[in-house]
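Structural characterization, general
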Amino acid sequence: GQQVQQSPASLVLQEGENAELQCNFSSTATQLQWFYQRPGGSLVSLLYNPSGTKHTGRLTSTTVTKERRSSLHISSSQITDSGTYFCAMEGGSGNKLIFGTGTLLSVKP
Amino acid sequence: GPKVLQIPSHQIIDMGQMVTLNCDPVSNHLYFYWYKQILGQQMEFLVNFYNGKVMEKSKLFKDQFSVERPDGSYFTLKIQPTALEDSAVYFCASSINTGQLYFGEGSKLTVL
């Protein structure tokens, strides 16, 4: 079945540093969303980006459909950015998102 | 932005009992979903639902699970009977078409 791999699995940054999160998927994506989740918390949709580059605030996502990858860049990280980031894609029949394994981000003061 | 509401936020029940998780999707959305997340693990697709029918379900969607949306009211996930391994956070989502999904805040289920 479809698989979504994220890297790195975890990332520790100093406040103010930039983060680059990667997402690779096993088949062509027709949908691609990035989500943020606090430990034990709700899921927040960050960006819907099935292709190209999208920005919102300090976040930039670039999806290269034919290379089956997407990235999420977080600039000037803040302590409150700490949590788990998931990418999710849909690429087949039906309409469901398959989630990646997540990247656990810790931002230290 | 659009909101998906889930009730209850947390439920504790004894193994073998029935539980119904309720989801109030975004008002003009037509596609509905349930996902399951065990603590610290990734989100797993359970089922999607459109036009009154299940479109697709995963192997996690056991025979004890059922979904329905009677007369445009809540989209529900019922588990009967519950098992210990059903303890998880269940997320509901909706979408207007095959585009962006909007998720609720989750219903934490604890089966004792």
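So, here is what we can say about the structure in this document.

The rules behind each value
Within each chain, residues carry numbers counting from 1 in the order of the written sequence. For this description, chains carry letters from A and ligands carry numbers from 1, given in the order in which they are written. Where totals are concerned, whole chains, interfaces and linings use all residues; where local detail is concerned, this predicted model gives features only for residues with pLDDT of at least 70, and gives and counts side-chain atom pairs only at 80 or more. Hydrogens and water are ignored here; the side-chain numbers use all heavy atoms of the structure. With a 1 Å grid laid over protein atoms only, a set of points is called a cavity when a 1.4 Å probe fits there but cannot get out and a pocket when it is open yet has protein on both sides within 12 Å along at least five of seven lines; lining residues have an atom within 4 Å of a point. Grid points are joined across faces, edges and corners, and a volume is the space filled by probe spheres set on the points. Strands are runs of DSSP state E lasting at least 2 residues, helices are runs of H or I lasting at least 4, and numbering of each runs from the N terminus. Side-chain classes are defined by residue name, with Ala, Val, Leu, Ile, Met, Phe, Trp, Tyr, Cys and Pro counting as nonpolar, Asp, Glu, Lys and Arg as charged, and the others, Gly among them, as polar. Residues qualify for a patch when their relative accessible area is over 30% and they have no salt bridge, like charges being joined within 9 Å and the nonpolar side chains of Val, Leu, Ile, Met, Phe, Trp and Tyr within 5 Å. Surface accessibility follows the Shrake-Rupley procedure with a 1.4 Å probe radius. Residue values consider only the protein chains on display as shielding. Every case where a carboxyl oxygen of Asp or Glu lies within 4 Å of a side-chain nitrogen of Lys or Arg is listed as a salt bridge. Exposure categories follow from relative accessible area, calculated using a 1.4 Å probe and restricted to protein chains: below 20% of the type maximum is buried, above 50% is exposed, and the middle band is partly exposed.

**Things to note about the layout of surface pockets**
- Approximately 760 Å³ is the volume attributed to the largest pocket.
- Lining the largest pocket are 36 residues, and of these A:Gln37, A:Gly41, A:Ser42, A:Leu43 and B:Phe91 lie nearest its centre.
- Secondary-structure elements contributing two or more residues to the lining of the largest pocket are strand 4 (31–37), strand 5 (43–48) and strand 9 (83–90) of chain A together with strand 1 (5–7), strand 9 (88–95), strand 10 (102–103) and strand 11 (107–111) of chain B.
- At 3 residues, strand 5 of chain A tops the list of elements feeding residues into the lining of the largest pocket.
- If you add up the space inside the second largest pocket, you get close to 390 Å³.
- Taken together, the elements giving at least two residues each to the lining of the second largest pocket come down to strand 1 (4–7) and strand 10 (98–99) of chain A together with strand 5 (44–50) of chain B.
- Here the residues of the lining of the second largest pocket sort into 7 nonpolar, 6 polar and 4 charged.

**A few points about a nonpolar patch on the surface**
All names here are of chain B.
- Together, Leu 30, Tyr 50 and Met 55 make up an exposed nonpolar region whose accessible area comes to about 250 Å².
- Take Met 55: it is sitting in strand 6 (residues 53–57).
- Residue class for Met 55 comes out partly exposed when judged on its relative accessible area of 35%.

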